[in-house]
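# Structural features, examined
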Amino acid sequence: MTDERFRQMFEAEQARVYRFVYAMVGAAEAAKELTQETFVRAFRSFAAYEGRGAASTWLCGIARNVVLNHFRAQRHFDRLFDAGAEPERAGGDIPERQLLSRELRGAIREALLRLDPDKRAAFTLKVLEGMSYEEIAAATGSAVAKLKTDVHRARLQLRAELAGYMEER
Amino acid sequence: MTCPDCGSPLPAGAARCDACARDDAMFAAYARGIDVPPMWDAIEARLPRRRRVVGWPAALAAAALLALVVAGALVLRAPAPPPRDASPASVAAARYREAIGRLEPRAPRATAALLPPLTAAIDEAEREARRAPDDPIAVTRLVAAYDAKLQLLRTYD
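Residues numbered from 1 in each chain as written. Chains lettered and ligands numbered in written order. Predicted model: local features only at pLDDT ≥ 70, side-chain atom pairs only at ≥ 80, totals over all residues. Heavy atoms only, no water.

## Considering the overall build of chain B
Formally: Only DSSP runs of H or I with at least four residues qualify as helices, and only runs of E with at least two residues qualify as strands; both kinds are numbered from the N terminus onward. Throughout, a contact is declared for two residues whenever any of their heavy atoms are within 4.5 Å. Accessible areas in this description were obtained via Shrake-Rupley with a 1.4 Å probe; residue shielding takes into account the shown protein chains only.
The secondary structure content of chain B amounts to 6 helices and 0 strands. N-terminal to C-terminal, the α/β element order of chain B is α-α-α-α-α-α. Counted over contacts in chain B with a minimum sequence separation of 6, partners at least 24 positions apart contribute 50%. Summed over its atoms, the accessible surface of chain B is roughly 9,400 Å², and 59% of this surface lies on carbon and sulfur atoms.

## Brief notes about the overall build of chain A
Filter applied, for reference: Accessible area is worked out with a 1.4 Å probe on protein chains only. A residue is then buried under 20% of its type maximum, exposed over 50%, and partly exposed in between.
For chain A, the helix and strand inventory stands at 10 helices and 0 strands. For chain A, with 169 residues in total, the buried portion stands at 54%. The contacts in chain A between residues at least 6 apart in sequence include a share of 70% that link residues at least 24 apart. Total accessible area on chain A is roughly 7,500 Å²; 48% of this is exposed by carbon and sulfur atoms.

## Remarks on the interface of chain B and chain A
The test is simple: Two parts lose some accessible area (1.4 Å probe) when they are put together, and adding that loss for both gives the buried area. The rule for a salt bridge is simple: a side-chain nitrogen of Lys or Arg has to be within 4 Å of a carboxyl oxygen of Asp or Glu. Within 3.5 Å is the distance limit for a polar contact, defined as a pair of N or O atoms, with the added protein rule that one can donate a hydrogen and the other accept it, and that residues adjacent in sequence qualify only through two side-chain atoms.
Contact residues are listed per partner, giving 39 residues for chain B and 52 residues for chain A. Buried surface at the junction of chain B and chain A, summed over both partners, amounts to about 4,400 Å²; 64% is from carbon and sulfur atoms. Looking only at chain B, the three residues that lose the most surface to chain A are B:Phe27, B:Tyr30 and B:Trp40, adding up to 17% of its buried area. Measuring nitrogen to oxygen at the nearest pair gives 3.0 Å for the salt bridge that ties B:Asp24 to A:Arg155. Taken together, the links from chain B to chain A amount to 6 residue pairs in polar contact (both at pLDDT 80 or more).

## Some details on the packing of helix H7 (residues 117-128) of chain A against helix H8 (residues 133-140) of chain A
Residues and elements named next belong to chain A. Inclusion rule: Lines fitted to the C-alpha atoms define the axes, with helices restricted to the stretch that makes contact. Angles between their N-to-C directions range from 0 to 180 degrees. For classification purposes, angles smaller than 35 degrees are called roughly parallel, those larger than 145 roughly antiparallel, those between 65 and 115 roughly perpendicular, and all remaining angles oblique. Handedness of a crossing is defined here by the sense of rotation of the near helix relative to the far one, left-handed for an anticlockwise turn of less than a right angle and right-handed for a clockwise turn.
Between H7 and H8, whose axes approach to 10 Å, the crossing angle comes to 140°. With respect to their mutual orientation, H7 and H8 come out oblique. Our pair here, H7 against H8, has a crossing hand that is right-handed. Facing Ala 122, Leu 125 and Lys 126 of H7, the residues of H8 in contact are Tyr 133, Ile 136 and Thr 140.

## What to know about the packing of aromatic side chains
Basically, it comes down to this: Any two of the Phe, Tyr and Trp rings considered here, Trp counted by its six-membered ring, make a pair once their centres fall within 6.5 Å; the pair's planes then place it as stacked at under 30 degrees, edge-to-face at over 60, or tilted in between.
Overall, the coordinates contain 11 aromatic pairs over all chains when judged by the stated rule. Between A:Phe10 and A:Phe39, the ring centres sit 4.9 Å apart and the planes meet at 75°, which makes this aromatic pair edge-to-face. On the criterion of sequence distance, the pair formed by A:Phe10 in helix H1 (residues 2-25) and A:Phe39 in helix H2 (residues 28-44) is long-range, its members being 29 residues apart. Both residues of the pair, A:Phe10 and A:Phe39, count as buried. Ring centres 5.0 Å apart and planes at 50° place the aromatic pair A:Phe10 and B:Trp40 in the tilted group. In this pair, A:Phe10 sits in helix H1 while B:Trp40 sits in helix H2 (residues 40-46), so the two residues belong to two different chains.

## Describing the confidence of the model for chain B
Atom-level detail of predicted coordinates should not be read off regions where pLDDT is low. Residues and elements named next belong to chain B. Selection criterion: The quantity known as pLDDT measures the predictor's confidence residue by residue, on a range of 0 to 100.
Looking at chain B, pLDDT values average 74 and 65% of them are 70 or higher. Looking over chain B, one finds the lowest element-wise mean pLDDT in helix H3 (residues 56-75), namely 57, and the highest in H2, namely 92. A low-confidence stretch, residues 51-56 stays under pLDDT 50, and its non-local contacts, those more than four residues away or across chains, total 1 contact.

## With respect to the side chain of A:Asp150
Along the chain, the position of A:Asp150 falls in helix H9 (residues 144-161). Aside from chain neighbours lying at most four places away, what touches A:Asp150 is A:Asp118, A:Lys119 and A:Ala122.

## Notes on the environment of A:Ala30
Residue position: A:Ala30 is located in helix H2. Overall, A:Ala30 belongs to the buried group, its relative accessible area being 3%.

## Remarks on the packing of helix H6 (residues 102-114) of chain A against H9(A)
Residue and element names in this part refer to chain A. How we decide: Basically, the charged four are Asp, Glu, Lys and Arg, the nonpolar ten are Ala, Val, Leu, Ile, Met, Phe, Trp, Tyr, Cys and Pro, and anything else, Gly included, counts as polar.
One can describe the packing of H6 onto H9 by two numbers: an axis separation of 10 Å at closest approach and a directional angle of 140°. By the angle between their directions, the pair H6 and H9 is classed as oblique. When you trace H6 past H9, the crossing you get is right-handed. Where H6 abuts H9, its residues Ala 111, Leu 112 and Arg 114 lie against Gln 157, Leu 158 and Glu 161. In terms of residue class, the contact of H6 with H9 is made up of 3 nonpolar, 1 polar and 2 charged.

## Quick notes on the pattern of salt bridges
The tally for this structure, following the rule as stated, stands at 17 salt bridges over all chains. Here A:Glu129 makes a salt bridge to A:Arg16, at a shortest N to O gap of 3.5 Å. In this pair, A:Glu129 sits in the loop between H7 and H8 while A:Arg16 sits in helix H1, placing the two residues 113 residues apart along the sequence. By relative accessible area, A:Arg16 is classed as partly exposed at 23%. Taken together, the shared-partner salt bridges in this structure form one network comprising A:Arg155, A:Arg159, B:Asp5, B:Arg16, B:Asp23 and B:Asp24.

## Some points on the nonpolar core
The condition that has to hold: What is meant by a nonpolar core is a set of buried Ala, Val, Leu, Ile, Met, Phe, Trp, Tyr and Cys residues, joined one to another through side-chain atoms within 4.5 Å.
Among the nonpolar cores identified, the biggest contains 83 residues, and A:Phe6, A:Val21, A:Val25, A:Trp58, A:Phe123 and B:Phe27 are the most heavily contacted of them. In terms of residue count, the dominant contributor to this core is H1(A) (11 residues). The contacts of A:Phe6, once residues within four sequence positions are left out, are A:Phe39, A:Ala42, A:Phe43, A:Phe46, B:Trp40 and B:Leu47. Core analysis: the second largest hydrophobic core is formed by 6 residues, B:Cys6, B:Leu10, B:Cys17 and B:Cys20 among them.

Structural data, given as structure tokens:
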């Protein structure tokens, strides 16, 4: 039964966790491996978690630790796994891909990678995933006031770096 | 009035500025466009195998062993190391507490909201086991409570 509930939680949350990890590391293969590691770790303490709080908050907290541990192990934060070589799928039948050009998607990915990891995590969870500051605080262990500052600074940095693209749109 | 997201001045009646709304729409579109690869098979292959269903005789034997664990747990509440002639079960209980005691002081802040319910569950399970030390269900709950807290601490360590 636990396995079934865990599988259900995986199905419900995998996209959010993967997108968060992808935004943190900027490379699909690394994001896939780290997301898998997140769920393997989550399984070990699933019995302890079950029924306590939002699964997304719990999982994003684990994912953040997995990513930061990985960064520490690699001893460098940006351009992990040769992020610049990341292939972007060509735009096609999906509206979002038509909306954002391949060039802009690459620029966003790289601009996110230039944020320091705390700001990147806070901004990704708040703006890309739409979590509340209280949920992010529960996931990251940071104070709400710090998170607001991080998101604010990240927003201004990203806006400055992407200004050229914004004007074109 | 200023924009709650970027602090720029707002026109009367506006909740946030156009620039922030435009940014958020762009980042939301970026997030929705990220492909999520299939991952379950690789995850499942790394999960511990599903526990084998045991028959009643085996379950009773396990319950008896667990009863020894709770007896040891109750005796070994004090932080002193187990005596040399302690039963394997009481040593196991002491090791649970030792492992928890080692990891808990360095647990990150992210666990602040998760640990208190687990600690409360251990306290409650200990009280229950003290009231009914021969009850295998109470014993099982106590061991599970120790294990749950230890696993969480290991996850964040």
